[in-house]
Amino acid sequence: MAKRKIALFGGTFDPVHLGHTAVAAAAAEHIGAEKIIFIPAKRSPLKDSFPEASGDDRLAMITLAIADNKKFQLSDYELKKPEPGYTLQTVRQFQAEFSSGTSICWLIGADSIDELPYWYRITELIDACILCAMFRAGCKPPDFAKFTESWGPKQVEKLQKNVIQTPLIDISSTEIRNRLATGRDVTNMLAPPVADYIREHGLYQSKAKN
Ligand code: ATP
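Now for a look at the structure at hand. The residue count restarts for each chain, going from 1 along the sequence in the order it is written. Under the rules for a predicted model, residues below a pLDDT of 70 receive no local features and side-chain atom pairs below 80 are neither given nor counted, while totals for whole chains, interfaces and linings still include all residues. Hydrogens and water molecules were not included; the side-chain quantities draw on all heavy atoms of the structure.

### Thoughts on the pairing of strand S5 (residues 130–134)
Rules: Relative accessible area decides the class of each residue, using a 1.4 Å probe on protein chains only: under 20% of the type maximum gives buried, over 50% gives exposed, and in between gives partly exposed. Runs of E in the DSSP output that reach at least two residues are strands. Runs of H or I that reach at least four are helices, and both are numbered from the N terminus. Strands were regarded as paired on the criterion that DSSP finds at least two bridges between them. Here a crossover is taken to be right-handed if, once the strands point away from the viewer, the path from the first strand over the helix to the second is traced clockwise.
Within S5, 5 of the 5 residues are buried, leaving the element largely enclosed by the surrounding structure. The alternating pattern of S5 places Ile130, Cys132 and Met134 and Leu131 and Ala133 on opposite faces, both of which are buried. When strand S4 (residues 102–109) meets S5, the two strands line up parallel, connected through 5 bridges. Note that in S5 the partner of Trp106 across the bridge is Leu131. With respect to chirality, the unit in which S4 leads through helix H5 (residues 122–128) into the neighbouring parallel S5 is right-handed.

### Regarding helix H9 (residues 192–200)
Selection criterion: Note that the arc is defined by the directions from the helix axis to the C-beta atoms. Whether two residues are in contact is decided by their heavy atoms: any pair within 4.5 Å suffices.
Burial in H9 covers these residues: Val194, Ala195, Tyr197 and Ile198. Down the axis of H9, the buried set is contained in an arc of 160°. They therefore lie on one face. Exposed and facing more than 90 degrees away from the buried side of H9 are Pro192, Arg199 and Glu200. Turning to H9, the residues buried within the fold contact helix H2 (55–66) and helix H8 (173–181). Looking at the residues trailing H9, positive phi occurs at Gly202, about 60°.

### Details of the sheet that holds strand S3 (residues 72–74)
Worth spelling out the cut-off: Orientation is described by lines fitted to C-alpha atoms, with helices fitted over the stretch in contact, and by angles between N-to-C directions that extend from 0 to 180 degrees.
Taken together, 5 strands build an open sheet; the order of strands is S3-S2-S1-S4-S5 and the sheet is parallel. The open sheet has two edge strands, S3 and S5, and neither has a second partner. Across the sheet, the mean angle from the axis of one strand to that of its neighbour is 30°, orientation sign disregarded. By the bridge criterion, 6 bridges tie strand S1 (residues 4–11) to S4 in an arrangement that is parallel. Of the residues in S4, the one forming a bridge with Ile6 is Ile104. Running over the sheet, helix H4 (residues 87–97) touches S1, strand S2 (35–40) and S4 and is turned about 150° from S4.

Next up, the structure:
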């Protein structure tokens with residue numbers, strides 16, 4: 001019998017936007033995943049800066065953004081655990097929670113591929129889960145051929161097999177933060193309840209970053 005599949009979607013989600021929910025829905029469909037669990041991180045281990053919004057605000061915004069999709073769930077696992085948090089530990093945690101009949105997929109956008117060599121125990125992570133790379137507007141289609149020498153052909157083949165041709169949606173949290181900080185419109189980038197939350201809580205009003 002085919003294994004059940006659960007997809008985990010990590011990121012800072014500062015804030016969660018329509019690109020996140022659209023590609024997650026497309027990935028769930030492609031994979032045949034029973035559910036997609038959004039897992040906001042305390043911070044990106046590879047970035048110097050912390051997210052601008054608090055963990056509680058980011059959780060609240062994701063709750064609003066995913067309310068309409070029954071397959072979407074939210075976990076505060078990474079926000080609650082002491083630093084540093086690594087994807088491999090999170091994958092292991094969810095593997096322990098679900099039965100051995102469940103395959104765990106981890107979703108990443110094409111922009112994250114060049115960072116993978118710096119991820120904690122990346123080759124163990126590739127073995128431990130199904131790492132699914134998604135297309136992203138403004139990025140080349142995911143291609144892992146350049147990692148063959150460092151990771152070996154088997155792992156590269158596994159990664160290539162799990163590339164998902166998600167729709168190209170040209171939205172980033174950085175662009176949203178910059179627009180909000182300079183009073184520009186973000187209407188088509190956010191779920192309306194998330195836009196309302198940001199307005200009501202006065203988030204991202206400070207200086208533009210990046
Ligand atoms: P920032 O601009 O702050 O870096 P972001 O928009 O990339 O934020 P993250 O929270 O860092 O959002 O993204 C979480 C995950 O979702 C990452 O793997 C990222 O590559 C992916 N992702 C984000 N936006 C898109 C998009 N529009 N299309 C495809 N993947 C995306």
